[in-house]
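Below are the chains, spelled out letter by letter.
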Amino acid sequence: MPVKYTVRPNGARGGANHGWLRTFHTFSFASYYDPKFTAFGPLRVLNEDFVKPGRGFGAHPHDHYEIFSYVVEGALEHRDSMGNVEHVKRSFVQHTTAGSGIAHSEMNASKTEDVHFLQLWAQPWKGGLKPAFALKAFPEESKVGHLLPLMAPALDTNNKLNAKSTEVGDDVIRINQDLYMFSAIFLANGEGARSVTHTPLGAESGSLRKVYIHVVMDEESDGIVVNGKYTLKPGDGLFVDEITESERIEITSASGKRAEFVLLDMTPEEEDDD
């Protein structure tokens with residue numbers, strides 16, 4: 001069965017400009033709905049947000065989902081009903097297991113600068129989980145010319161994913177789903193490696209995977225090229241479907257300019273909403 005590649009152009013995404021918030025939706029979200037883009041495996045939300053100084057998302061409830069934020073520029077002030085108060089800066093990833101229910105707020109921590117971040121939601125592998133919070137910094141230099149693992153499936157004594165999940169090492173955030181998240185940066189002017197390779201992380205030999213690649217929006221970037229064929233500009237994404245560990249995904253810089261992207265490798269299973 002051939003691997004399927006589908007480009008998701010930035011201009012085709014949903015979104016809105018509320019003045020204090022510019023938001024871009026890869027999947028159906030809020031008032032944006034497209035039946036062709038409601039989920040990809042367990043991934044339900046990938047929003048790219050730009051929030052004005054001192055503004056943001058006031059306290060609101062969540063349950064069930066695994067929610068994670070990747071800060072590109074600026075800082076978010078996170079507060080939640082578990083008592084966590086944190087400033088989430090560039091190079092940090094923040095993860096919340098909403099589980100049985102939490103309330104949180106996400107505000108721009110600055111009074112003078114915008115905050116630019118990705119927010120993603122994924123279905124967990126079971127409902128009713130205990131709410132939890134994690135925050136971790138990942139050194140910028142470790143992403144240069146390298147796919148740095150940020151998130152990996154939680155470890156469990158009875159979990160068949162453990163063998164693959166431990167391959168990425170211990171310096172990751174653990175998520176309650178068969179989902180891995182990586183990030184990489186190509187620097188301008190030829191500094192550092194200009195290409196990376198990803199091998200899908202199926203738990204069993206021959207198991208099918210889904211991979212989603214998203215290029216961070218950046219006016220100074222020309223984006224990336226995947227497998228020498230698919231050019232992704234800033235804000236673009238690429239769905240890779242029906243791929244196994246026998247295949248390779250080659251990602252190169254599209255030019256001598258900077259580019260930053262995230263890669264999500266996940267089970268093809270789409271769990272029902274709880």
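Here the structure is a predicted model, which means the values were calculated and not measured. (Residues numbered from 1 in each chain as written. Predicted model: local features only at pLDDT ≥ 70, side-chain atom pairs only at ≥ 80, totals over all residues. Heavy atoms only, no water.)

S.K.: Kindly report on the overall build of the protein, identifying the contributing residues and their values.
M.R.: Of the regular secondary structure elements, the protein holds 1 helix and 22 strands. C-alpha extents for the protein along the principal axes are approximately 45 × 45 × 35 Å. Expressed as a percentage of its 274 residues, the buried residues of the protein come to 53%. Considering only contacts in the protein between residues 6 or more positions apart, those separated by 24 or more positions represent 76%. Each charge class in the protein was averaged separately, 27 positive and 39 negative side chains, and the resulting centres sit 3 Å apart. (Helix = DSSP H or I, 4+ residues; strand = E, 2+ residues; numbered from the N terminus. Buried < 20%, exposed > 50% of the residue type's maximum accessible area, 1.4 Å probe, protein only. Contact = heavy atoms within 4.5 Å. Lys, Arg positive; Asp, Glu negative; His and termini not counted. Charge placed at Lys NZ, Arg CZ, Asp CG, Glu CD.)

S.K.: Break down the side chain of Asn176 for me, with residues and values.
M.R.: Note that Asn176 resides in the loop between β14 (173-175) and β15 (179-186). One polar contact links Asn176 to Thr97, side chain to side chain, over a distance of 3.3 Å. When near neighbours in sequence (up to four residues on either side) are disregarded, Asn176 contacts Glu66, Thr97, Gln123, Pro124, Trp125, Leu129 and Ala154. (Polar contact = N/O pair within 3.5 Å; in protein donor to acceptor, adjacent residues only side chain to side chain.)

S.K.: Report on the packing of aromatic side chains, specifying residues and quantitative values.
M.R.: Inspection of every chain in the model, using the stated rule, returns 12 aromatic pairs. Aromatic pair Phe186 and Phe261: ring centres 5.7 Å apart, planes at 55°, arrangement tilted. Of this pair, Phe186 sits in strand β15 while Phe261 is found in strand β22 (residues 259-266), placing the two residues 75 residues apart along the sequence. For the pair shown, Phe186 and Phe261 are each scored as buried. Here the aromatic cluster, defined as three or more aromatic residues joined through ring pairs, consists of Phe27, Phe37, Phe40, Tyr212 and Phe239. Above the ring of Phe37, the side-chain terminus of Arg8 is found at 3.7 Å from the ring centroid. A cation sits over an aromatic face here: Arg22 above Phe50, 4.3 Å from the ring centre. (Phe/Tyr/Trp six-rings, centres within 6.5 Å; stacked < 30°, edge-to-face > 60°. Lys NZ or Arg CZ within 6 Å of the ring centre and 35° of its normal.)

S.K.: Can you lay out the sheet that holds strand β1 (residues 4-8) for me, pointing to particular residues and giving the numbers?
M.R.: Taken in spatial order, the 7 strands line up as β1-β20-β17-β22-β15-β13-β14 in an open sheet, and their pairing is mixed. Strands at the two margins of the open sheet, each flanked by one partner only, are β1 and β14. In this sheet, adjacent strand axes meet at a mean angle of 20° when their direction is disregarded. Two strands pair when backbone bridges link them, and strand β13 (residues 148-153) and β14 are joined in this way by 3 bridges, in the parallel orientation. Counted as the bridge partner of Ala152 is Arg174 from β14. (Pairing = 2+ DSSP bridges. Axes fitted to C-alpha atoms, helices over the stretch in contact; angles between N-to-C directions.)

S.K.: Pulling in residues and values, what's your account of the pattern of salt bridges?
M.R.: Across all of its chains, the model carries 14 salt bridges by this definition. A salt bridge links Glu140 to Arg90, with the nearest nitrogen and oxygen atoms 2.7 Å apart. Taken together, the positions of Glu140 in the loop between β12 (132-137) and β13 and Arg90 in the loop between β8 (85-89) and β9 (92-97) put the pair 50 residues apart, joining distant regions of the chain. Residue classification places Arg90 among the partly exposed positions, given a relative accessible area of 22%. Among the salt bridges present, the one from Lys257 reaches Asp222, with a minimum N-O distance of 3.9 Å. Note that Lys257 is positioned in the loop between β21 (249-253) and β22 and Asp222 in the loop between β17 (209-215) and β18 (224-226), a separation of 35 residues in sequence. Note on Lys257: relative accessible area 41%, which makes it partly exposed. Asp222 gets classed as partly exposed once you look at its relative accessible area, which sits at 22%. Connected via shared salt-bridge partners are Arg90, Glu140, Lys143, Arg258 and Glu260. (Salt bridge = Lys/Arg side-chain N within 4 Å of Asp/Glu carboxyl O.)

S.K.: Explain unusual backbone geometry residue by residue, including any values.
M.R.: A positive phi angle is found at Ala30, which is not glycine, with a value near 55°. Phi is positive for His64, close to 75°, though the residue is something other than glycine. Its place among the elements puts His64 in the loop between β5 (56-62) and β6 (66-73).

S.K.: Please give an account of the sheet that holds strand β16 (residues 195-198) that cites residues and values.
M.R.: Ordered by their spatial adjacency, 4 strands build an open sheet running β16-β21-β18-β19, and the pairing between neighbours is antiparallel. Whereas interior strands pair on both sides, the edge strands pair on one side only; in this sheet they are β16 and β19 (230-232). Sheet twist, expressed as the average angle between the axes of neighbouring strands with direction ignored, equals 20°.

S.K.: Describe the layout of surface pockets, and please don't skip the residues or the numbers.
M.R.: In this structure, the largest pocket occupies an estimated 350 Å³ of space. In terms of lining, the largest pocket is formed by 15 residues, of which the most central are Glu73, His116, Met217, Asp218 and Glu219. Among the elements of the structure, β6 and β11 (115-122) are those that each provide at least two residues to the lining of the largest pocket. When its residues are assigned to classes, the lining of the largest pocket shows 6 nonpolar, 1 polar and 8 charged. (1 Å grid on protein atoms, 1.4 Å probe; cavity = no way out; pocket = protein on both sides within 12 Å on 5 of 7 lines; lining within 4 Å. Points joined across faces, edges and corners; volume = space filled by probe spheres on them. Nonpolar A, V, L, I, M, F, W, Y, C, P; charged D, E, K, R; others polar.)

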